Amino acid sequence: MTVRLGLLAAGLVLGGCGPGDTVDPALVDALVELHLADARAALDTSDARRPALADSLRRVALDAHGLDSTALAARLDALAVSPDLAQATYDSVEARLTRERQGPPAE
């Protein structure tokens, strides 16, 4: 997973984004949930349990979006050749994670 996200970042220096390309909100949702799954697993108190917990949480997140690791890899590979779209996707993921961290707005 980390390698694929690294490839996504590396793709930012390649090729251009077509005029009709738009950020896929379903992919943003999946990437946010994968990141949160890794973060939740990292917080587990048992070092021995973390890898299995991370794998389990990632599978649940992918299943919820009708993806598996192969399909996710294909989606990330597609982004790697469209740097503007990759950057826009990354920005959307980052914005969502920032909102998650901040919690609901104060009333």
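The preceding data block contains the structure.
None of the values given here were measured: they were computed from a predicted structure.

Chemist: What should I look at first to understand the packing of helix H2 (residues 25-42) against helix H3 (residues 50-64) in this one?
Modeler: When two helices pack together, their arrangement is given by the angle between the helix axes and the distance between those axes. In contact at an axis separation of 8 Å, H2 and H3 are set at 155 degrees when each is read in the N-to-C sense. One element, H2, and the other, H3, form an angle in the roughly antiparallel class. In the packing of H2 onto H3, the handedness of the crossing is right-handed. When H2 is examined against H3, the residues Glu-33, Leu-34, Ala-37, Asp-38, Arg-40, Ala-41 and Ala-42 are found in contact with a partner set consisting of Arg-50, Leu-53, Ala-54, Leu-57, Arg-58, Ala-61 and Leu-62. Across the contact of H2 with H3, the residue classes tally to 9 nonpolar, no polar and 5 charged.

Chemist: Would you mind going over the packing of H2 against helix H5 (residues 83-102) with me for this structure?
Modeler: Two elements in contact, H2 and H5, have axes whose closest approach is 9 Å; the angle formed by their N-to-C orientations is 50 degrees. In terms of axis orientation, H2 runs oblique to H5. Between H2 and H5 the crossing geometry is right-handed. On H5, the residues that touch Leu-27, Val-28, Asp-29, Leu-31, Val-32, His-35 and Leu-36 of H2 are Thr-89, Ser-92, Val-93, Arg-96, Leu-97 and Glu-100. The residue inventory of the contact of H2 with H5, partitioned by class, reads 7 nonpolar, 3 polar and 3 charged.

Chemist: Sorry, what's going on with the nonpolar core here?
Modeler: Buried together is how nonpolar side chains tend to be arranged in soluble globular proteins. Ranked by internal contacts, the top residues of the largest apolar core, which has 17 residues, are Leu-31, Val-32, Leu-34, Leu-72, Leu-79 and Val-93. Counting only elements with at least two residues in this core, the list comes to H2, H3, helix H4 (69-80) and H5. It is H2 that provides the largest number of residues to this core, a total of 7 residues. Filtering out sequence-adjacent residues up to four positions away, Val-93 remains in contact with Val-28, Leu-31 and Val-32.

Chemist: What should I look at first to understand the pattern of salt bridges in this one?
Modeler: Between side chains of opposite charge, a pair can form when the charged atoms approach closely. If you walk through the whole model with that rule in mind, you get 6 salt bridges. A salt bridge links Asp-24 to Arg-75, with the shortest nitrogen-to-oxygen separation between them at 2.0 Å. Of this pair, Asp-24 sits in the loop between helix H1 (2-10) and H2 while Arg-75 sits in helix H4, placing them 51 residues apart in sequence. For Asp-24, a relative accessible area of 28% puts it in the partly exposed group. Between Asp-55 and Arg-58 there is a salt bridge; the shortest N-O distance is 2.8 Å. Pair noted here: Asp-55 and Arg-58 are both in helix H3, with a separation of 3 residues, about one helical turn. Exposure remark for Arg-58: the relative accessible area of 22% places this residue in the partly exposed category.

Criteria and thresholds
Residues numbered from 1 in each chain as written. Predicted model: local features only at pLDDT ≥ 70, side-chain atom pairs only at ≥ 80, totals over all residues. Heavy atoms only, no water. Axes fitted to C-alpha atoms, helices over the stretch in contact; angles between N-to-C directions. Helix = DSSP H or I, 4+ residues; strand = E, 2+ residues; numbered from the N terminus. Parallel < 35°, antiparallel > 145°, perpendicular 65-115°, else oblique. Left-handed = near helix turned anticlockwise from the far one by under 90°. Contact = heavy atoms within 4.5 Å. Nonpolar A, V, L, I, M, F, W, Y, C, P; charged D, E, K, R; others polar. Core = buried A, V, L, I, M, F, W, Y, C linked by side-chain atoms within 4.5 Å. Buried < 20%, exposed > 50% of the residue type's maximum accessible area, 1.4 Å probe, protein only. Salt bridge = Lys/Arg side-chain N within 4 Å of Asp/Glu carboxyl O.

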